[in-house]
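# Coordinate analysis (summary)
Spelled out, the chains give:
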There are 2 protein chains.
Amino acid sequence: MSTLPQKESWEPTTCPGLDSTQDPGSCCDNGPERECSRKPDQKLYGVGDPTAMFSSGSSDLSSRGSVIKWFWDSAEKGYRTYHMDEYDEDKNPNGIINLGTSENKLCFDLLSRRLTQSDMLQVEPSLLQYPDWRGHLFLREEVARFLSFYCKSPAPLKPENVVVLNGCASLFSALATVLCEVGEAFLIPAPYYGAITQHVYLYGNVRLVYAYLDSKVTGPETRPFQLTVEKLEMALQGAQSEGVKVKGLILINPQNPLGDIYSLGELQEYLEFAKRHSLHVIVDEVYMLSVFEESVTYRSVLSLERLPDPQRTHVMWATSKDFGMSGLRFGTLYTENQDVSVAVASLCRYHGLSGLLQYQMAQLLRDQDWINQVYLPENHARLKAAHTYVSKELRALRVPFLSRGAGFFIWADLRKHLSKGTFEEEALLWRRFLDNKVLLSSGKAFECKEPGWFRIVFSDKAHRLRLGMQRVRQVLDGKSQMTADPLSSQMSQEPSIQHE
Amino acid sequence: MSTLPQKESWEPTTCPGLDSTQDPGSCCDNGPERECSRKPDQKLYGVGDPTAMFSSGSSDLSSRGSVIKWFWDSAEKGYRTYHMDEYDEDKNPNGIINLGTSENKLCFDLLSRRLTQSDMLQVEPSLLQYPDWRGHLFLREEVARFLSFYCKSPAPLKPENVVVLNGCASLFSALATVLCEVGEAFLIPAPYYGAITQHVYLYGNVRLVYAYLDSKVTGPETRPFQLTVEKLEMALQGAQSEGVKVKGLILINPQNPLGDIYSLGELQEYLEFAKRHSLHVIVDEVYMLSVFEESVTYRSVLSLERLPDPQRTHVMWATSKDFGMSGLRFGTLYTENQDVSVAVASLCRYHGLSGLLQYQMAQLLRDQDWINQVYLPENHARLKAAHTYVSKELRALRVPFLSRGAGFFIWADLRKHLSKGTFEEEALLWRRFLDNKVLLSSGKAFECKEPGWFRIVFSDKAHRLRLGMQRVRQVLDGKSQMTADPLSSQMSQEPSIQHE
């Protein structure tokens, strides 16, 4: 595994240390999560309480319906400003540039050309009839072949272990429901892709226990925000001591928002930890083909010669990220556990996708020539160029950042731009960016324990990136075009719950 | 409203009366539902207990996960025989003919021609990106126009009241969750489309309270299985007396499996009843364009000049039935209640459909020329011809049946073919049909309180219908080709939970 991008981009000498004035550790307080610590500056874990900020209900809705609506309203609140003023090169050149949503906008030309080829428009009667809810067999066969090849599985993966459905959001929802009782929890290293909170909670009523990672580098062999088994052990023990039953571990690899990639050794350690505690492991590999740095070695969990606990290892993949089609709603589960796959399939009546789309996806995944010779090389080259540009800009701004050559984002350390190092300041900085017409995602949305981190998405066209980074620079240089309206800043104490 | 088809096909003189030996009414027993009665032959209502027959769990699943898997396994058990031996004109002419699943297989030629036209394959970047989870605005505009026209709304319906998602199964799941607390209930006239049991229960943990309808004709103005406000009142009171909180009423119009159509006056009465009790009303109109008898007047609830309680009236429609595309997964909600539509939209992350399909559906719904001049006339003519054929066959067999000129099925009275009039006998008869290579749906699957009713789907090609009805005739004449294997008959005490 090359550590080049990390070494290159991570400049700890320019980072302020952890500010001990931030949010002093308190045990089981009333905040959005309960946090426990050994020292004031060392939160080790948190038990998520997704509804801690929820206030009022609606008379026409159930109490859970009101909470579900509140999640929508909270997300909307942050995004409303953006949606009312989206950048458009021709129609709204002064609109807001979105460097907050993790979408790959670099390859619409390639995708559009492939998806409009004549082989895509096939309408068989069987595609219009009720399907096998696990997905049509022809598609599951194609997914098995595809994953065998790209995950480098030691033996061919089997179609009967595949379930297809309308995206990984649905898969989190289904897995939470079939693996956990109401109120039980999954363990997850934080910061993490914040939407998972809703995915496991809205239908499933499952919570997350955070194993907090931090930016401190503790030795020559360690990297910032490194996940260790010790951290997982401590979070698990902490949750158990509070009576929270943890049923599984969620790993995102490549990680969102860190861009981190687990080495083979690390992956094995985490899986062994899970096995020791009889935990299910959900491995989210939706960025597995978005490793654009050639020197980086990525290992899918499906490439392991021997899974420590195959019956409790469940792998998700989707086209949203790796094929830059989040609007296509296509995700897959791979699990050897037939009880789990059947239970998820039983819920697939509510997560089904069109037979026509199933046909199209089979055509796409089967077209290895196009994937290997056209799409992936071009996509990786474009991702790399965009990443290089944003990295360079951040270095010029003396902004330290983390990036390992995978994913669509850079995890940037703007802590020196907060005077007191609080999440309130982080929210204000997020708002200053928005007021200066660039949308970023702040660390709080990923349950980062250190205020001041931002996720900057770089997988966008050059002209939008240039404009976006120019606006970021203006804010950081204190030269933003617009001064934040004090009232609107006040209203925005809660930056958007970033969904994607 | 014409009563012609009903008068023609309903022959009460040939029906045995209600058999008082059947399943004597018992209050709160341990069966799949609790039933209360005034007299032994008069079950007035039932409180559904979807998991009453559930036995063992799986160690890798949560208890709810085990129940979810059990629903799949139960359905599979019944369908396994069918799926292993499906009829195919060329490859398996001795296979099982499916007259059990409510799908319209008459118009694949028309649909295939329309869906492969060049206007269907449009790939805009916005279609590949994260959508508005309520559905793309261009599609919601089209749905609003479409429903305004075909539901004959007095004023144009509004796009902001529309939510689109991947089918009505999902919509039932979402509405149950946002309107009810865990354990609360919806009231539904029974027999009803049995899959709703799962749709409201699997994720939502919501139960159904049945207002039992029966075949008895009590006066000149009444029809068999007629829904009355009195029956709704009694079921509601009964449930309340047991401490079951009812939050809404589900109406299916045209009704499945009865094929019944509510008159304007009836519709208003039911809505007024709901308003009196502050109940939400979910009106499932998925067969609204499948009224093939010209003399029948169908009134959508959206055609009313004034809804008694617009904030609590929620209307569902889908392409599954009316466009014969159950594999397309496209459903719509229309509600004026913004809290409800936002809460449902919030769950639409788990019920989303591809942007490409959204584009295609907008193209289809916008094409009124094709719908009005090609698809609907031809579809109705084919439905009517198929219906006429099966009706004639049933009359020749002296099988009484109900049918009002809408839907894909005939509700047939085979009670005289049961000697004791029990559900055990009904299950055995179902199995005899299956052993003779024709799949029907038995009344128990629709929570019919009278054993011996079967739903026969007629919306299939002539050669399959002929063969299917020939096999039905063989069983009823006691001349089936195969004698039921006693062991397999024993194994099939539970006929399939019919899903569709």
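In this text the structure is predicted, and so the values were computed from the model without any measurement.

## Details of the overall build of chain A
Scanning chain A from terminus to terminus reveals 16 helices and 15 strands. When the 500 residues of chain A are sorted by exposure, 65% land in the buried category. Taking the intrachain contacts of chain A between residues at least 6 apart in sequence as the baseline, contacts between residues at least 24 apart amount to 75%. Here chain A has roughly 17300 Å² of accessible surface; of this, 50% comes from carbon and sulfur atoms.

## Quick notes on the packing of helix α13 (residues 368–396) of chain A against helix α15 (residues 462–476) of chain A
All names here are of chain A. With their axes 11 Å apart at the nearest point, α13 and α15 run at an angle of 15° to one another. Classed by the angle they form, the pair α13 and α15 counts as roughly parallel. The handedness of the crossing between α13 and α15 is right-handed. Contact residues: Ala386, Tyr389, Val390, Glu393, Leu394 and Ala396 in α13; Leu465, Arg466, Met469 and Arg473 in α15. When grouped by side-chain class, the residues that make up the contact of α13 with α15 number 7 nonpolar, no polar and 3 charged.

## Considerations on helix α12 (residues 355–366) of chain A
Residue and element names in this part refer to chain A. Here α12 is 12 residues long and its end C-alpha atoms lie 17 Å apart, about the 16 Å a rise of 1.5 Å per residue gives. With respect to burial, α12 is a largely interior element, 11 of its 12 residues being buried. Listing the buried residues of α12 in full gives Gly355, Leu356, Leu357, Gln358, Tyr359, Gln360, Met361, Ala362, Gln363, Leu364 and Leu365. For α12, the capping residue at the N-terminal end is serine 354, with a side-chain oxygen 3.0 Å from the backbone nitrogen of leucine 356.

## Things to note about the interface of chain B and chain A
With 83 residues of chain B at the contact, the number on the chain A side is 83 residues. Summing both sides of the interface, chain B and chain A together bury roughly 6900 Å²; the carbon and sulfur share of this comes to 58%. Considering only the side of chain B, the residues that lose the most area to chain A are Tyr130, Tyr203 and Tyr350 of chain B, jointly responsible for 14% of the buried surface there. On inspection of chain B and its partner chain A, the count reaches 4 salt bridges. The closest approach of N and O atoms between aspartate 339 of chain A and lysine 69 of chain B, which form a salt bridge, is 3.7 Å.

## Thoughts on the packing of aromatic side chains
Under the criterion given, the structure shown has 51 aromatic pairs over all chains. Taking 5.4 Å as the distance between ring centres and 85° as the angle between the ring planes, the aromatic pair formed by tyrosine 287 of chain A and phenylalanine 409 of chain A counts as edge-to-face. In this pair, tyrosine 287 of chain A sits in the loop between β8 (280–284) and β9 (313–318) while phenylalanine 409 of chain A sits in strand β12 (residues 409–413), placing the two residues 122 residues apart along the sequence. Measuring from ring centre to ring centre gives 5.6 Å for phenylalanine 433 of chain B and phenylalanine 454 of chain B, while their planes differ by 75°; the resulting arrangement is edge-to-face. Of this pair, phenylalanine 433 of chain B sits in helix α14 (residues 423–435) while phenylalanine 454 of chain B is found in strand β15 (residues 453–457), placing the two residues 21 residues apart along the sequence. Judged on exposure class, the residue phenylalanine 433 of chain B and its partner phenylalanine 454 of chain B are both buried.

## A short note on the relation of the copies chain B and chain A
When chain B is fitted to chain A, the best match, at an RMSD of 0.0 Å, comes from turning it 180° and sliding it 0.0 Å along the axis. Look at the turn and shift together and you get a two-fold axis relating the two. When C-alpha positions in chain B are compared against the rotation axis, the closest is assigned to histidine 351 of chain B, at 2.7 Å. Taken together, the interface assignments show that 100% of the residues at the interface of chain B recur at the interface of chain A, consistent with an identical surface on both copies.

## Quick look at the packing of α12 of chain A against α13 of chain A
Two measures define how a pair of helices packs: the angle their axes make with one another and the distance between the axes. Residue and element names in this part refer to chain A. Following both chains from N to C, one finds α12 and α13 inclined at 60°, their axes separated by 5 Å at the closest point. As far as their axial angle goes, α13 and α12 are oblique. In this structure, α12 uses Leu364, Leu365 and Arg366 to contact α13, whose residues at the interface are Gln368, Trp370 and Ile371. Taken together, the residues of the contact of α12 with α13 sort by class into 4 nonpolar, 1 polar and 1 charged.

## A few points about the sheet that holds strand β15 (residues 453–457) of chain A
All names here are of chain A. Across the sheet, which stays open at both edges, the 4 strands sit in the order β11-β12-β15-β14 with antiparallel pairing between neighbours. Each edge of the open sheet is held by one strand with a lone partner, namely β11 (401–402) and β14 (441–442). Sheet analysis places β11 next to β12, joined by 2 bridges and oriented antiparallel. Opposite phenylalanine 401, over in β12, you have alanine 412 as the bridge partner.

## Some thoughts on the UniProt feature "domain: Aminotransferase class I/classII large" (unreviewed entry) in chain A
Under the present numbering, the feature "domain: Aminotransferase class I/classII large" (unreviewed entry) in UniProt falls on residues 96–458 of chain A. Annotated as 38% helix and 16% strand, the span residues 96–458 of chain A places its first and last C-alpha atoms 15 Å apart.

## Description of the confidence of the model for chain A
Residue and element names in this part refer to chain A. The pLDDT averaged across chain A works out to 89; a share of 87% of its residues lies at or above 70. Low confidence marks residues 1–33, where pLDDT is under 50. Its contacts with residues over four positions away, or in another chain, come to 78 contacts. Low pLDDT, under 50, characterises residues 482–499; the stretch is placed with 44 contacts to residues that sit more than four places away or in other chains. Across the assembled chains, the prediction reports ipTM 0.90 with pTM 0.90.

## So, the pattern of salt bridges
Any two side chains of opposite charge can pair if their charged atoms end up close together. Going through the model one piece at a time under the given rule, you end up with 54 salt bridges over all chains. Aspartate 132 of chain A is the partner of arginine 140 of chain A in a salt bridge, and the nearest nitrogen-oxygen pair spans 3.4 Å. Residue arginine 140 of chain A is classed as buried on the basis of its relative accessible area, which comes to 4%. We note a salt bridge from arginine 431 of chain B to aspartate 435 of chain B, for which the minimum N-O separation is 3.2 Å. Taken together, the residues arginine 431 of chain B and aspartate 435 of chain B, both in helix α14 and 4 residues apart, mark about one turn of the helix.

## Things to note about the sheet that holds strand β12 (residues 409–413) of chain B
Here we have 4 strands laid out as an open sheet, ordered β11-β12-β15-β14 (chain B), and antiparallel in their pairing. Among the strands making up the open sheet, the edge pair consists of β11 (401–402) and β14 (441–442) of chain B.

## Details of the nonpolar core
Counting 346 residues, the largest nonpolar core has Phe323 of chain A together with Phe323 of chain B as the members making the most contacts within it. If near-sequence neighbours (up to four positions away) are discounted, phenylalanine 323 of chain B is found in contact with Leu111, Phe146, Leu289, Trp317, Leu364, Leu365, Trp370, Ile371 and Tyr375 of chain B.

## A closer look at the environment of leucine 110 of chain A
Residue and element names in this part refer to chain A. By the secondary structure assignment, leucine 110 is in helix α3 (residues 108–115). For leucine 110, a relative accessible area of 6% puts it in the buried group. In sequence terms leucine 110 and asparagine 379 are 269 residues apart; their C-alpha atoms lie 9.0 Å from each other. Here leucine 110 is in contact with Trp370, Val374, Tyr375, Glu378 and Arg382, once residues within four sequence places are set aside.

## Observations concerning the side chain of serine 153 of chain B
Residue and element names in this part refer to chain B. Mapped onto the elements of the fold, serine 153 is located in the loop between α5 (137–150) and β4 (162–165). Residue serine 153 is classed as buried on the basis of its relative accessible area, which comes to 13%. Reaching out from serine 153, the side chain makes a polar contact with the backbone oxygen of alanine 155 at a distance of 2.6 Å. When neighbours within four sequence positions are excluded, serine 153 is seen to be in contact with Ser148, Leu302 and Ser303.

## Description of the pairing of strand β4 (residues 162–165) of chain A
Bridge count between β4 of chain A and strand β10 (residues 331–335) of chain A: 4 bridges; the pairing is antiparallel. Its bridge partner being in β10 of chain A, leucine 165 of chain A is matched across the sheet by glycine 331 of chain A.

## Looking at helix α8 (residues 229–241) of chain A
Residues and elements named next belong to chain A. In this model, α8 (13 residues) spans 18 Å end to end at C-alpha, consistent with the 18 Å of a helix rising 1.5 Å per residue. Those residues of α8 lying buried are Val229, Leu232, Glu233, Ala235, Leu236, Gly238 and Ala239. Here the buried face of α8 lies against β2 (43–48), β5 (185–190), β6 (207–212), β7 (246–252) and α9 (264–276). Immediately beyond the C-terminal end of α8, within one or two residues, lies glycine 243, with a positive phi of roughly 80°.

## Observations regarding unusual backbone geometry
Residues and elements named next belong to chain A. The residue after asparagine 256, namely proline 257, is reached through a cis peptide bond having omega 20°. One non-glycine residue, phenylalanine 225, adopts positive backbone phi at about 55°. In this fold, phenylalanine 225 is placed in the loop between β6 and α8. The exposure class of phenylalanine 225 is buried, given its relative accessible area of 1%.

## Some thoughts on the environment of aspartate 435 of chain A
Residue classification places aspartate 435 of chain A among the buried residues on the basis of a relative accessible area of 14%. As a C-alpha pair, aspartate 435 of chain A and isoleucine 96 of chain A span 339 residues in sequence and 8.6 Å in three-dimensional space.

Analysis parameters
Residues numbered from 1 in each chain as written. Chains lettered and ligands numbered in written order. Predicted model: local features only at pLDDT ≥ 70, side-chain atom pairs only at ≥ 80, totals over all residues. Heavy atoms only, no water. Helix = DSSP H or I, 4+ residues; strand = E, 2+ residues; numbered from the N terminus. Buried < 20%, exposed > 50% of the residue type's maximum accessible area, 1.4 Å probe, protein only. Contact = heavy atoms within 4.5 Å. Areas by Shrake-Rupley, 256 points an atom, 1.4 Å probe, with all protein chains shown as cover. Axes fitted to C-alpha atoms, helices over the stretch in contact; angles between N-to-C directions. Parallel < 35°, antiparallel > 145°, perpendicular 65-115°, else oblique. Left-handed = near helix turned anticlockwise from the far one by under 90°. Nonpolar A, V, L, I, M, F, W, Y, C, P; charged D, E, K, R; others polar. Expected span 1.5 Å × (residues − 1). Polar contact = N/O pair within 3.5 Å; in protein donor to acceptor, adjacent residues only side chain to side chain. Buried area = accessible area lost by both parts, 1.4 Å probe. Salt bridge = Lys/Arg side-chain N within 4 Å of Asp/Glu carboxyl O. Phe/Tyr/Trp six-rings, centres within 6.5 Å; stacked < 30°, edge-to-face > 60°. Least-squares fit on C-alpha atoms with pLDDT ≥ 70 in both. Pairing = 2+ DSSP bridges. UniProt positions renumbered as here; feature names shortened; annotations may be inferred. pLDDT = per-residue confidence, 0-100. Core = buried A, V, L, I, M, F, W, Y, C linked by side-chain atoms within 4.5 Å.

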